[in-house]
Amino acid sequence: MIKADYHLHSSFSSDSETPMESQIEKAIELGLEEICFTEHMDLDYPKEYGEFNFSIEEYFKKIKEMQEKYSGKINIYKGVEFGLVPEIGDRYEELANQYNFDFIIGSTHLYNNLDPYFSDYWEGRTPYQGTMMYFEKILENIQNYNKYDTLGHLDYIIRYQEIKENPERNKVLLFNNYSYSEYGDVLDEILKHIIYQGKALEVNAAGYRYGLGAPNPQYSTLVRYKELGGELITIGSDAHKSEHLGYSYDKVEALLKEVGIRYYATFHGRERIMNSL
């Protein structure tokens, strides 16, 4: 069984108002044995969208306080989600070397200062074009920076595709029509790269919460990852609210077993630990 959540946000992330205590108590209620907070650190994020930054010193201080408060009840680790951009990899490298994070997610949230969460990314682009551009940016990001432990929500882009003439159905329809083969060349390069570099692939349960009927990445991508020799995965809910913590973990576990994956990784001090499903 999955006993860890390794993608979790609190009020240290600017898109969450949930106190750490609420996330921790929910995790204990769910019977989780360990959690890792992975607060958003998106350096140079466009100001018109908002700001994703926080005081690492204050964050570490709060984590230490929570570790002491909940000692013996649950293990709490300090992680971060870096929003990768090719031009500033050296700044993330400096942070990763300066601070003793337990775990680092490398995620792509931007393409040329545009976030697919917002409609301006999609203006003048078909869903195929916007998705291909995003995958190409992931490949560029990980070729330019490797101080991370897992590649975050690989097909995150699918959450935000739009069908203008029928927006209320866009997510489910597009996700159901989305297949690995459409983008196979670039996705193969991404998966081969992380396998060669010894990085993990995140299975992000938030896809279920977004009504996609699958995690990010979805089934065909996980099958291909396994075919290419990939074995390292991390699992997280991407919860910004306590009610989303551990979301649809039963479905995640069943899907992983169907693919043939029997273990998931957790990280303590950047050291990988393998856990049975």
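Residues numbered from 1 in each chain as written. Predicted model: local features only at pLDDT ≥ 70, side-chain atom pairs only at ≥ 80, totals over all residues. Heavy atoms only, no water.

Draft legend 1. Quick peek at the overall build of the protein chain. Check the secondary structure of the protein chain and you find nine helices and nine strands. What you see for the protein chain is a C-alpha radius of gyration of 18 Å, in line with the 19 Å of a compact globule of 277 residues. A principal-axis box enclosing the C-alpha atoms of the protein chain has dimensions of 50 × 40 × 40 Å. Here the protein chain holds 277 residues, and 57% of them are scored as buried. The contacts of the protein chain with a sequence gap of at least 6 include a subset with a gap of at least 24, amounting to 73%. Put simply, the protein chain shows about 11900 Å² of open surface, and 44% of that area lies on carbon and sulfur atoms. The distance from the centre of the 28 positive side-chain charges to the centre of the 46 negative ones in the protein chain is 4 Å. (Helix = DSSP H or I, 4+ residues; strand = E, 2+ residues; numbered from the N terminus. Rg over C-alpha atoms; globule rule 2.2 N^0.38 Å. Buried < 20%, exposed > 50% of the residue type's maximum accessible area, 1.4 Å probe, protein only. Contact = heavy atoms within 4.5 Å. Areas by Shrake-Rupley, 256 points an atom, 1.4 Å probe, with all protein chains shown as cover. Lys, Arg positive; Asp, Glu negative; His and termini not counted. Charge placed at Lys NZ, Arg CZ, Asp CG, Glu CD.)

Draft legend 2. Structural detail: the packing of aromatic side chains. Here the structure, examined in full by the defined rule, presents 23 aromatic pairs. A ring pair is formed by Phe-60 and Phe-101, whose centres lie 5.3 Å apart and whose planes are at 85°; its orientation type is edge-to-face. In this pair, Phe-60 is assigned in helix 2 (residues 56-69) and Phe-101 in the loop between helix 3 (89-98) and strand 4 (103-107), connecting sequence segments 41 residues apart. Among the residues examined, Phe-60 registers a relative accessible area of 16% and is labelled buried. In this structure an aromatic cluster arises from ring pairing among Phe-12, Phe-54, Tyr-59, Phe-60, Phe-82, Tyr-92, Tyr-99, Phe-101 and Tyr-145. In this arrangement the basic side chain of Lys-137 is found over the ring face of Tyr-111, its NZ or CZ atom lying 5.2 Å from the centre. (Phe/Tyr/Trp six-rings, centres within 6.5 Å; stacked < 30°, edge-to-face > 60°. Lys NZ or Arg CZ within 6 Å of the ring centre and 35° of its normal.)

Draft legend 3. Representation of the layout of surface pockets. When its volume is computed, the largest pocket comes out at roughly 540 Å³. Around the largest pocket sit 27 residues that line it, and Asp-15, His-40, Phe-52, Tyr-117 and His-240 are the ones nearest its centre. Considered class by class, the residues forming the lining of the largest pocket number eight nonpolar, nine polar and ten charged. Roughly 170 Å³ of internal volume is contained in the second largest pocket. Together, Met-1, Ile-2, Lys-3, Leu-30, Gly-31, Leu-32, Leu-245, Gly-246, Tyr-249, Asp-250 and Glu-253 line the second largest pocket. The element that contributes the greatest number of residues to the lining of the second largest pocket is helix 9 (residues 249-259), accounting for three residues. Along the lines of polarity and charge, the residues of the lining of the second largest pocket split into six nonpolar, two polar and three charged. (1 Å grid on protein atoms, 1.4 Å probe; cavity = no way out; pocket = protein on both sides within 12 Å on 5 of 7 lines; lining within 4 Å. Points joined across faces, edges and corners; volume = space filled by probe spheres on them. Nonpolar A, V, L, I, M, F, W, Y, C, P; charged D, E, K, R; others polar.)

Draft legend 4. Quick peek at the packing of helix 6 (residues 184-197) against helix 8 (residues 219-227). Interaxial distance between helix 6 and helix 8 falls to 10 Å at its minimum, and their mutual angle equals 50°. In terms of axis orientation, helix 6 runs oblique to helix 8. In this structure, helix 6 meets helix 8 at a crossing whose hand is right-handed. Of the residues in helix 8, those touching helix 6 at Asp-188, Leu-191, Ile-194 and Ile-195 are Thr-221, Arg-224 and Tyr-225. Its residues assigned to classes, the contact of helix 6 with helix 8 shows four nonpolar, one polar and two charged. (Axes fitted to C-alpha atoms, helices over the stretch in contact; angles between N-to-C directions. Parallel < 35°, antiparallel > 145°, perpendicular 65-115°, else oblique. Left-handed = near helix turned anticlockwise from the far one by under 90°.)

Draft legend 5. Spotlight on the sheet that holds strand 5 (residues 150-151). Overall, parallel pairing links the seven strands, which are arranged 1-2-3-4-5-6-7 in an open sheet. The open sheet has two edge strands with one neighbour each: strand 1 (4-5) and strand 7 (233-236). Strands in contact with helix 1 (residues 20-30) are strand 2 (34-41) and strand 3 (75-83); relative to strand 2, the strand with the most contacts, it is inclined by about 150°. Lying on the sheet, helix 3 is in contact with strand 2, strand 3 and strand 4; it crosses strand 3 at an angle near 165°. (Pairing = 2+ DSSP bridges.)

Draft legend 6. Looking closely at the confidence of the model for the protein chain. Looking at the protein chain as a whole, the pLDDT averages 92, with 94% of positions reaching at least 70. Note on residues 162-169: pLDDT under 50 across the span, and seven contacts to partners over four residues away in sequence or across chains. (pLDDT = per-residue confidence, 0-100.)

Draft legend 7. The arrangement of the nonpolar core in detail. Core analysis: the largest hydrophobic core is formed by 82 residues, its most contacted members being Phe-82, Phe-135 and Ile-190. Considering each element in turn, this core owes the most residues, seven residues, to helix 4 (residues 127-144). Residues within four places of Ile-190 in sequence aside, it is in contact with Phe-135, Ile-138, Leu-139, Ile-142, Leu-151 and Leu-154. (Core = buried A, V, L, I, M, F, W, Y, C linked by side-chain atoms within 4.5 Å.)

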